[in-house]
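Chain and residue survey
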Amino acid sequence: MSLEKIRESWATRVGFVLAAVGSAVGLGNVWRFPFQVGETGGAAFLVVYLFFVLLIGIPAMLVEFSIGRDTRLNPVGALAEYGGGAWKYIGGLFVFIAFVILSYYSVIAGWVVRYFLDSFTGAYSDTPGEYFVEISTGLDAVLFHAVFMAAAIAIVAYGIRQGIEVAVKVMVPSIVVLLVALAVYAFTLEGAAEAYAFYLSPDFGEIAADWQSVLPAAAGQAFFTLSLGMGIMITYSSYLEEDRNLGEDTGIIVAFDTGIAFIVGLVVFPILFTVGILPDEPGPGAIFVTLAQTFGEIPLGAVVGIVFFGVFALAALSSAISILEVVVSYAVDELGAERKRAAFGIGGAAFLIGLPVAFDSAYIDLYDQLAAEVLLVLGSLLLVVLVGWFAAERALKELEKGTSGLGTLGTVWIWLVRVPVAIVLVVSLYLGVVEYADLLREFI
Ligand code: PHE
């Protein structure tokens, strides 16, 4: 009936890498990371998290890239083709996860946009706690949730080259430059030395005492921040045309994401210590209440506020587009939908799903913990088992392209994926489900 549609692709290698970095760097680094660090044992959490990023995150990212570039399909199509049979339901799981995450992600990102605008007037400085309560729920929150979602829809509607690639080429370098500038500024503050000491000295006793909650939290954070476990990296690598070295790209992406999370700590903690607020009262509002109030007190605070929330908004947007793209690529490839309509319809549906969170922020934990500690871990586990045990040869052949031969690295990778990564994921998933069941019980 119709000629096969020509699938889009990235215009440049840099475009793909920047898009993946843009996806990885987001609320996970700026909002979620500091409050996870505070909530689960300070620097102790940091150590477990880094361990997960290196030993689990890198192999799991390569799993997604090998599937995506090999099949050049959206995650649902890719898994149907790759695994066949029942594996295609993992693709369905990814679509579900995308809706869950995008919906609340956009509500929080909406707060960020609001705070960015408010930084120009200093609206939040006088009574930060009350201000946050006032704007974080109700119609204010709904409005900014809509604004943010509309921006994500607009970018995705323009497609890979003209939408996502153009956007990330502007956004990602801006994020990096502005954040480094903030870290240099923070270094000049009075409280910097004390802050570095707090941030950089782990207390291993704490990990041991609390491992049942540190472990799944650190695993969840690793997957969340690297955008793994829901097919984003499958989708992005499916638009790759040339065969480049995927191992190299993975290294760059992980290094940027981890580096940026680390630099955020170098910005946030010196500011808090300078004003004399110890970061012992974490929670989803930490950045908006504790940190925002300091902008009224530190030197050049107004400018710092504008830059900080500006960076934060860009980072959130470059991630939200990747989440939306997972579902849009599915609708376009498999259901024959027109891209603009798909972006609008899917973004609109995610907007509606996010409304409970916009009206009552108590729902955030319910969405967020389900997504990070249960769904993303489950998604990654299924992919790791599929590639490790059912399609190892095919995946190795794919990763070999663009290299001068994988050698023993390939063997190391596949065995990492088959055994230790799979085991850690099973354990994390179990603990994550137990923790989530507790949370649900508390909630009801
Ligand atoms: N990785 C991004 C972040 O850290 C966004 C994201 C989260 C993408 C979870 C997918 C899954 O904010």
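The structure under discussion appears in the preceding block.
Residues numbered from 1 in each chain as written. Predicted model: local features only at pLDDT ≥ 70, side-chain atom pairs only at ≥ 80, totals over all residues.

1. Quick notes on the overall build of the chain
Each helix and strand counted, the chain has 19 helices and zero strands in total. In summary, the chain has a C-alpha radius of gyration of 21 Å against a globular reference of 22 Å for 444 residues, a match within 12%. Overall, the chain is about 65 × 50 × 45 Å in size when its C-alpha atoms are taken along their principal axes. A fraction of 86% describes how many contacts in the chain between residues 6 or more apart in sequence connect residues 24 or more apart. (Helix = DSSP H or I, 4+ residues; strand = E, 2+ residues; numbered from the N terminus. Rg over C-alpha atoms; globule rule 2.2 N^0.38 Å. Contact = placed C-beta atoms within 7 Å.)

2. Considerations on the environment of Leu139
If you trace the backbone, Leu139 turns up in helix H7 (residues 139-157). Look at Leu139 and you get exposed, because 10 C-beta atoms sit within 10 Å. Taking C-alpha positions, Leu139 is 25 Å from Ile323, a pair spaced 184 residues apart along the chain. (Buried ≥ 20, exposed ≤ 12 C-beta atoms within 10 Å, placed from the backbone.)

3. Notes on the site of the ligand
Taken together, 14 residues form the shell around the ligand, and within it Gly26, Leu27, Gly28, Ser227 and Ser319 come nearest. Secondary-structure elements contributing two or more residues to the shell around the ligand are helix H1 (13-24), helix H2 (27-39), helix H11 (211-226) and helix H15 (301-335). Element by element, the count of residues in the shell around the ligand is highest for H2, at three residues. (Near = placed C-beta within 6 Å.)

4. Re the packing of helix H5 (residues 88-119) against H7
Running from amino to carboxyl end, H5 crosses H7 at an angle of 100 degrees, the nearest separation of the two axes being 7 Å. By the criterion of interaxial angle, the relationship of H5 to H7 is roughly perpendicular. Here Ser106, Val107, Ala109, Gly110, Trp111, Val113 and Arg114 of H5 come into contact with H7, specifically with Ala141, Phe144, His145, Val147, Phe148 and Met149. Its residues assigned to classes, the contact of H5 with H7 comprises nine nonpolar, three polar and one charged. (Axes fitted to C-alpha atoms, helices over the stretch in contact; angles between N-to-C directions. Parallel < 35°, antiparallel > 145°, perpendicular 65-115°, else oblique. Nonpolar A, V, L, I, M, F, W, Y, C, P; charged D, E, K, R; others polar.)

5. A short note on the nonpolar core
Core analysis: the largest hydrophobic core is formed by 165 residues, its most contacted members being Val112, Ala152 and Leu324. Here the element with the most residues in this core is H15; it accounts for 20 residues. Beyond its immediate stretch of four places on either side in the chain, Ala152 contacts Leu317, Ala320, Ile321, Leu324 and Gly347. (Core = buried A, V, L, I, M, F, W, Y, C linked by C-beta atoms within 7 Å.)

6. Focus on H1
Relative to the 16 Å expected for 12 residues at 1.5 Å per residue, H1 spans 17 Å between its end C-alpha atoms, a close match to the ideal helical length. Burial analysis of H1 places 10 of its 12 residues in the buried class, which makes it a mostly covered element. If you check which residues of H1 are buried, you get Gly15, Phe16, Val17, Leu18, Ala19, Ala20, Val21, Gly22, Ser23 and Ala24. Tucked inside the fold, the buried residues of H1 contact helix H8 (159-187), H11, helix H12 (232-238), helix H13 (246-275) and H15. (Expected span 1.5 Å × (residues − 1).)

7. Description of the packing of H8 against H13
Running from N to C, H8 and H13 point in directions that differ by 35 degrees, and their axes come no closer than 8 Å. Seen along the crossing, H8 lies across H13 with a hand that is left-handed. Here Leu179, Val180, Leu182, Ala183, Ala186 and Phe187 of H8 lie close against H13, whose contacting residues are Ile260, Ile263, Leu266, Val267, Pro270 and Ile271. Residues that form the contact of H8 with H13 fall into these classes: 12 nonpolar, no polar and no charged. (Left-handed = near helix turned anticlockwise from the far one by under 90°.)

8. Regarding unusual backbone geometry
Positive phi, normally seen in glycine, also occurs at Arg72, with a value near 50 degrees. Among the secondary structure elements, Arg72 is positioned in the loop between helix H3 (43-71) and helix H4 (75-82). Residue class for Arg72 comes out partly exposed when judged on the 17 C-beta atoms lying within 10 Å of it. Positive phi outside glycine occurs at Ser227, with the angle close to 60 degrees. Within the fold, Ser227 resides in the loop between H11 and H12. Residue classification places Ser227 among the buried residues on the basis of 30 C-beta atoms within 10 Å.

9. Quick notes on the environment of Tyr239
Considering the arrangement of structural elements, one finds Tyr239 in the loop between H12 and H13. When the C-alpha atoms of Tyr239 and Gly432 are compared, they prove to be 33 Å apart, with 193 residues separating the residues in sequence.

10. A short note on helix H19 (residues 408-443)
Over its 36 residues, H19 runs 49 Å from end to end, which matches the ideal 52 Å to within 8%, given 1.5 Å per residue. Largest kink in H19: about 40 degrees, centred on Val417, with the proline Pro420 one to four residues after it. Buried within H19 are the following residues: Trp413, Ile414, Val417, Val421, Leu425, Ser428, Leu429, Leu431 and Gly432. (Bend = angle between axes of the 7 residues up to and from the residue.)

11. So, the environment of Asn74
Within the secondary structure, Asn74 is located in the loop between H3 and H4. Asn74 sits in the buried class, given 29 other C-beta atoms within 10 Å.

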